[in-house]
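Letter by letter, the chains look like this.
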Amino acid sequence: MTDTQHTTTDGLRQFDASLTEELDSLRERGLYRPLRVLESAQGPRVRIGGQELINLSSNNYLGLNTHPDLIEAACQAAQTWGAGTGAVRTIAGTQTLHEELEKKLARFKKTEAALSFQSGYTVNVGVLSSVLQEPDCVVSDALNHASIIDGIRLTKAHRLLFDHADLDAAEQALAKARKEGYRRVLLVTDGVFSMDGDIAPLPGLVERAEAYGAGVMVDDAHATGVLGSHGRGTVDHFGLHGRVALNIGTLSKAIGVVGGYVASTTTVRDYLIHTARPFLFSSSHPPAVVAACEAAVDLLERDDVLVQQLWANTAYFKKAIRELGFDTGTSETPITPVMIGEASKAMEFSDRLFARGVFAQGIGFPTVPEGKARIRTIVTATHTREQLDAALSAFADVGRELALR
Ligand SMILES: *Cc1c(COP(=O)(O)O)cnc(C)c1O
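Fair warning: this is a prediction, and the values are worked out from it, not measured in the lab.

Brief notes about the layout of surface pockets
In this model, the largest pocket occupies a volume close to 640 Å³. Looking at the largest pocket, it is lined by 27 residues, and the ones nearest its centre are L143, S194, M195, T367 and V368. Those elements giving two or more residues to the lining of the largest pocket turn out to be α5 (146–153) and β13 (373–378). Here the residues of the lining of the largest pocket sort into 10 nonpolar, 10 polar and seven charged. Counting the residues that make up the lining of the largest pocket, at least three belong to each of domain 1 (30–61 + 305–401) and domain 2 (67–302). Considered as a void within the structure, the second largest pocket measures approximately 330 Å³ in volume. The wall of the second largest pocket is formed by 20 residues, among which R33, Q361, G362, I363 and T367 lie closest to the centre. Of all the secondary-structure elements, those providing two or more residues to the lining of the second largest pocket are β12 (362–363) and β13. Residues belonging to the lining of the second largest pocket are distributed by class as follows: 10 nonpolar, seven polar and three charged.

As structure tokens, this is what we get:
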């Protein structure tokens, strides 16, 4: 960059000045955050700015990103199949590997079929904008993930929001949708909510959707590799196989790579192949990504030692952090928010943890509602007890300093 001659026109200056104003407003509200740049692989410990830190900020639940099986599979696939695919899935970008992975995902989720996408974000946007059109209606939990919200924004379907995890409110919305006579009605919920770590009341939602003739879509981004037998997700956790139309998952979190998928029927798969815009208009996963994902699914099918380790660490950390007097909200999963309130105070808390060698991000508006800022922690299967103890002691110190406990 240093050798490049930068010429700046008035137009560009004005454009930048207008963006700068908005950035300044973020700074004033304490919401301006420089990127944290990792100088190491993602893991229970990371290096940032030359400092070694205990990492409570990743979604790498099982530590699979550095598992030798995944790395070996990625290297071999790159050697054999090349670095990229050079096409979208529907033209020339589907290799044997892509279909193999989809068969494995379907088997893992116990559905007829699965279809993979470039990311969890993309699968939500692609599926919702494809299966819902103007004569349809979507009934959505108010705290659903941004990618679901964006997917809904792309449809002309009618929208009804219900209060978070409120079965009565969901039922009212379903009743209203039925009365108004839409063609298809789809109830959408996260399986595990990413900022609070609570589990959707899926059995109640499924029963109500069935009573009103609606389909159900569950986004198990934070539940796959975490809940259910061998980490099969919330549908397995609650024994609801065959009753959820669209099982969404990501390959970017517990699976340790990147990607998203929908596990469903062969009809849904076929429909999406012909209509889902990210599938039609954005290139497919590189072979190394696909092969690493396959290795992760194989590993989870084989044994669930890592899932059990994840839950043992979760129980240990949750109990201790509550005993320190912190409010962890409604969390029931490895996502444990430590509620702070003011965004600026959460950022201050996070900075002080950082200075003590603990990497846990402060999260504020717009990711969570105003006044509900928090430190979001995620323990993984690969954290040692010593690392968890050191993190807990940093929380205790900073909590005392900021008079939060
Ligand atoms: C992280 C997340 C996604 C996006 O997944 P990516 O693979 O990172 O794009 C979608 N839905 C939920 C609920 C998530 O938490």
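Points about the pattern of salt bridges
For the structure on display, the rule yields 26 salt bridges. Of the charged contacts, one joins E210 and R243 as a salt bridge, the two residues approaching to 2.8 Å between their closest N and O atoms. One end of the pair, E210, is in helix α7 (residues 202–211); the other, R243, is in the loop between α8 (234–237) and β8 (246–250), and 33 residues separate them in sequence. Its relative accessible area of 40% is what places E210 among the partly exposed residues. Using a relative accessible area of 36% as the deciding quantity, one classes R243 as partly exposed. Where salt bridges share partners, they join E348, R352, R356, D397, R400 and E401 into one cluster.

Here's the deal with unusual backbone geometry
With a phi angle near 60°, K110 is a residue other than glycine that sits in the positive phi range. Tracing the backbone through its elements, the reader meets K110 in the loop between α3 (96–109) and β3 (113–117). Although it is not a glycine, A403 adopts a positive phi angle of roughly 55°. Mapped onto the elements, A403 comes out in the segment after α14 (385–401).

Here's the deal with the sheet that holds strand β5 (residues 158–162)
A sheet is described by the order of its strands in space; here seven strands give the open sequence β3-β9-β8-β7-β6-β4-β5, paired in mixed fashion. Of all strands in the sheet, those bounded by a partner on one side alone are β3 and β5. Sheet twist, expressed as the mean angle between neighbouring strand axes with direction ignored, is 20°. Bridge count for strand β6 (residues 185–190) against strand β7 (residues 215–219) is five bridges, and the pairing is parallel. Of the residues in β7, the one forming a bridge with T189 is V218. Of the strands in this sheet, β4 (137–141), β5, β6 and β7 touch α5, which is tilted by about 160° from β4. Of the strands in this sheet, β4, β5 and β6 are in contact with helix α6 (residues 167–180), which crosses β5 at around 160°.

Considering the side chain of T224
The residue T224 is located in the loop between β7 and α8 in this model. For T224, a relative accessible area of 2% gives the class buried. Of note is the side chain of T224, whose polar atom sits 2.9 Å from the side chain of K109.

What to know about the packing of aromatic side chains
A full pass over the atoms with the stated rule returns six aromatic pairs. Taking the centre distance of 6.5 Å and the plane angle of 80° together, the rings of F317 and F395 count as edge-to-face. With F317 in helix α12 (residues 305–323) and F395 in helix α14, this residue pair connects regions lying 78 residues apart in the sequence. Comparing F317 with F395, the two get one shared label, buried. The exposure class of F395 is buried, given its relative accessible area of 0%. An aromatic cluster is defined as three or more aromatic residues linked by ring pairs; in this entry it consists of F317, F326, F349 and F395. Above the plane of the ring of Y32 lies R27, whose end atom (NZ or CZ) is 4.0 Å from the centre. A cation over a ring is seen here: R385 above Y316, with NZ or CZ 4.2 Å from the ring centre.

About the thresholds
- Residues numbered from 1 in each chain as written.
- Predicted model: local features only at pLDDT ≥ 70, side-chain atom pairs only at ≥ 80, totals over all residues.
- Heavy atoms only, no water.
- 1 Å grid on protein atoms, 1.4 Å probe; cavity = no way out; pocket = protein on both sides within 12 Å on 5 of 7 lines; lining within 4 Å.
- Points joined across faces, edges and corners; volume = space filled by probe spheres on them.
- Helix = DSSP H or I, 4+ residues; strand = E, 2+ residues; numbered from the N terminus.
- Nonpolar A, V, L, I, M, F, W, Y, C, P; charged D, E, K, R; others polar.
- Domains from an automatic or database assignment.
- Salt bridge = Lys/Arg side-chain N within 4 Å of Asp/Glu carboxyl O.
- Buried < 20%, exposed > 50% of the residue type's maximum accessible area, 1.4 Å probe, protein only.
- Pairing = 2+ DSSP bridges.
- Axes fitted to C-alpha atoms, helices over the stretch in contact; angles between N-to-C directions.
- Contact = heavy atoms within 4.5 Å.
- Polar contact = N/O pair within 3.5 Å; in protein donor to acceptor, adjacent residues only side chain to side chain.
- Phe/Tyr/Trp six-rings, centres within 6.5 Å; stacked < 30°, edge-to-face > 60°.
- Lys NZ or Arg CZ within 6 Å of the ring centre and 35° of its normal.

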